[in-house]
Amino acid sequence: MSRRKRNLVLAVDDETDFLELIEHIGQGVGCDVITADSATGFRDQLTRRQPTLILLDLQMPGMDGIEALRYLARQNISAGVLLASGMDQRVLTSARQLGESLGLRMLGTLQKPAMLEDIEALLARHLEPDERISLDDLQRAIDEHELIVHYQPKLQRAAHDWQVTGAEALVRWRHPRLGLLYPGDFLPLAEQSGLIVGITDFVLTDAIRQIGHWRSRGLHLAAAVNLSPRLVQDLEFPDRLARLLKEFDVTADQLNLEVTEAASLHDPDLVMDIFTRLRVRGVGLSLDDFGTGLSSLTQLYKMPFSEVKIDGSLIAEVMATKPAATVVRAIIELAHNLSLKVCAEGVETSPQFEFLEQLGCDALQGEFIAHAMPAAEIESFISVWNGGDHTLIPVVRK
Ligand code: C2E
Ligand code: MG
Ligand code: MG
């Protein structure tokens, strides 16, 4: 079945201009859009159709967004919910948490006014891939250069403020029919089939070439690349990597590799061998997604990591729940006692930023600072940020 038939977006908003925009975007990303500009319209649409995604404005005359969430929960609606509002991010985040506590599938938030590209990316990201992506498709994507790499800036604590010192490489697939696909849409298949090896080589090469390019523009930036568990079992990998670094005349300390705990579950001795060889050469090694799933403290001191990245799901809760804040504080302290740097990812709000700054976090990443973006946009972002013009983003100075 094609994507158009399966994905139905219900956009609920009192601004008809906004609804028209969503209809327009829907055509672009290949989904059907139905709309409602009132509480009655909203309920009517839900009795007639079964949307896969609901984009809900929190503030509408005559309709309380929270009541709308309760209504969705009472109706057992299984659609994913995206909240939109002109109110500040904190309100959006609490509404999102409330939706989660009601058992709704809360997918994200959109702060208005929003750029067309941001809405498009948000919708495309949450549409269900309803057409199974085949292995042939993925192989073709690699061969025909449909994969691209976006970079998300990473801030590092400097003497008096925060500076952009690097970026994380995140793969995307510019699919000819389905639009922009995110790692969650195709990496599981890539992992199962082994195509992840070629994909990682592609991302690594792009990132290393990019570091060289930035240097030629006078920017000394590091890049972080996510490594699949499969590659940390590959004894040839450190040598392949060394050849790549040499080819682009990039030093190992400008590269950071990110791995998750799953990487070393299978054959810890082999992984230790590979990790140690990488560290000896000077490559940084981060333990990614720490604080979720399997997180084991032993990994922190047994494996030669240089950094721990606290998972965004934990950061999302730091302002709302005391236990989450306690856990984050403890992770930072523990990591520092083990001489590891700590990066918080998924920083979405100013209070989170300030809190993590106060706790002594060394690096920060997240949409509050910047989304992942094409490499070409990184330079202008950095010149604004490092140049001290933080007008768009209220950075907290020490
Ligand atoms: P990750 O390495 O933990 O990357 C961070 C993810 O969080 C990225 O999602 C990023 O876009 C997203 N993110 C960044 N800031 C925020 C924020 O403020 N809020 C929220 N909610 N999310 C934020 P993305 O790009 O979809 O990547 C998902 C995962 O896919 C990555 O998680 C990584 O494990 C994997 N991945 C991405 N690119 C590659 C790759 O080239 N190779 C391999 N092996 N895995 C990759
Ligand atoms: Mg990562
Ligand atoms: Mg992560």
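Residues numbered from 1 in each chain as written. Chains lettered and ligands numbered in written order. Predicted model: local features only at pLDDT ≥ 70, side-chain atom pairs only at ≥ 80, totals over all residues. Heavy atoms only, no water.

Protein coordination at the magnesium ion (ligand 3) comes from Asp288 (OD), Asp289 (OD) and Glu345 (OE), with a distance range of 1.9 to 2.3 Å. Metal-to-metal, the separation of the magnesium ion (ligand 3) and the magnesium ion (ligand 2) is 4.1 Å; Asp288 coordinates the two. When its relative accessible area of 27% is taken as the criterion, Asp289 is described as partly exposed. (Donors = N, O, S within 2.8 Å, 3.2 Å for Na, K, Ca; no water. Buried < 20%, exposed > 50% of the residue type's maximum accessible area, 1.4 Å probe, protein only.)

Bringing the side chain of Asp362 into the picture now. With respect to the helices, strands and loops of the structure, Asp362 is situated in the loop between α15 (350-359) and β16 (363-364). At a separation of 2.8 Å, a polar atom in the side chain of Asp362 contacts the side chain of His336. At a separation of 2.7 Å, a polar atom in the side chain of Asp362 contacts the main-chain amide nitrogen of Val342. (Helix = DSSP H or I, 4+ residues; strand = E, 2+ residues; numbered from the N terminus. Polar contact = N/O pair within 3.5 Å; in protein donor to acceptor, adjacent residues only side chain to side chain.)

Right, let's talk about helix α11 (residues 268-280) for a bit. In this model, α11 (13 residues) spans 18 Å end to end at C-alpha, consistent with the 18 Å of a helix rising 1.5 Å per residue. All of the buried residues along α11 are Leu270, Val271, Ile274, Phe275 and Leu278. The buried residues of α11 occupy one face: seen down the axis, they fall within an arc of 130°. The exposed residues of α11 that point more than 90 degrees off its buried face are Asp269 and Val280. At its buried positions, α11 is contacted by α10 (237-247), β12 (255-259) and β13 (284-290). Remark: Gly282 follows α11 within two positions and exhibits a positive phi of approximately 105°. (Expected span 1.5 Å × (residues − 1). Arc of directions from axis to C-beta. Contact = heavy atoms within 4.5 Å.)

Turning to the coordination of the magnesium ion (ligand 2), a few remarks are in order. For a metal bound by four donors in tetrahedral geometry, the ideal donor-metal-donor angle is 109.5 degrees, whereas six donors in octahedral geometry ideally sit at 90 or 180 degrees. Only Glu168 (OE), Asn226 (OD1), Glu258 (OE) and Asp288 (OD) from the protein reach the magnesium ion (ligand 2) as donors, at distances of 2.0 to 2.3 Å. In the primary structure, the donors to the magnesium ion (ligand 2) are separated according to the pattern E-x57-N-x31-E-x29-D.

A sheet is described by the order of its strands in space; here five strands give the open sequence β2-β1-β3-β6-β7, paired in parallel fashion. Lying at the two open borders of the sheet, with one neighbouring strand each, are β2 (32-36) and β7 (105-111). On average, each strand axis in the sheet is inclined to that of its neighbour by 20°, with strand direction left out of account. The pairing of strand β1 (residues 8-12) with strand β3 (residues 53-57) spans four bridges and is classified as parallel. Bridge pairing in β3 places Ala11 opposite Leu55. (Pairing = 2+ DSSP bridges. Axes fitted to C-alpha atoms, helices over the stretch in contact; angles between N-to-C directions.)

Another point: the site of ligand 1. Looking at ligand 1, there are 21 residues lining it, with Arg172, Asn226, Asp288, Glu348 and Glu367 nearest. At 3.3 Å from an oxygen atom of ligand 1 is found a side-chain nitrogen or oxygen belonging to Glu345. Summarising the interface, the protein chains cover 80% of the accessible area of ligand 1, which totals 800 Å² for the free molecule. At the level of elements, β9 (162-175), α8 (183-193), α9 (196-216) and β13 are the ones that each hand at least two residues to the shell around ligand 1. (Near = heavy atom within 4 Å. Areas by Shrake-Rupley, 256 points an atom, 1.4 Å probe, with all protein chains shown as cover.)

Quick look at the domain arrangement of the chain now. Partitioning the chain into structural domains gives domain 1 (8-126) and domain 2 (135-392). Using only C-alpha atoms to locate each centre, domain 1 and domain 2 end up separated by 31 Å. Tallying the contact residues gives nine residues for domain 1 and nine residues for domain 2. A buried area of about 750 Å², summed over both sides, lies between domain 1 and domain 2, and 49% of it is on carbon and sulfur atoms. Of all residues in domain 1, Gln89, Gln97 and Arg125 give up the largest surface area on contact with domain 2, accounting jointly for 48% of the area buried on that side. For the pair domain 1 and domain 2, the interface holds zero salt bridges. Our count for the contact surface shared by domain 1 and domain 2 stands at one residue pair in polar contact (both at pLDDT 80 or more). Those elements that place two or more of their residues in the side of domain 1 that touches domain 2 are α5 (89-101) and α6 (116-126). Broken down by element, the residue count for the side of domain 1 that touches domain 2 peaks at five residues, all from α5. In terms of residue class, the side of domain 1 that touches domain 2 is made up of three nonpolar, three polar and three charged. (Domains from an automatic or database assignment. Buried area = accessible area lost by both parts, 1.4 Å probe. Salt bridge = Lys/Arg side-chain N within 4 Å of Asp/Glu carboxyl O. Nonpolar A, V, L, I, M, F, W, Y, C, P; charged D, E, K, R; others polar.)

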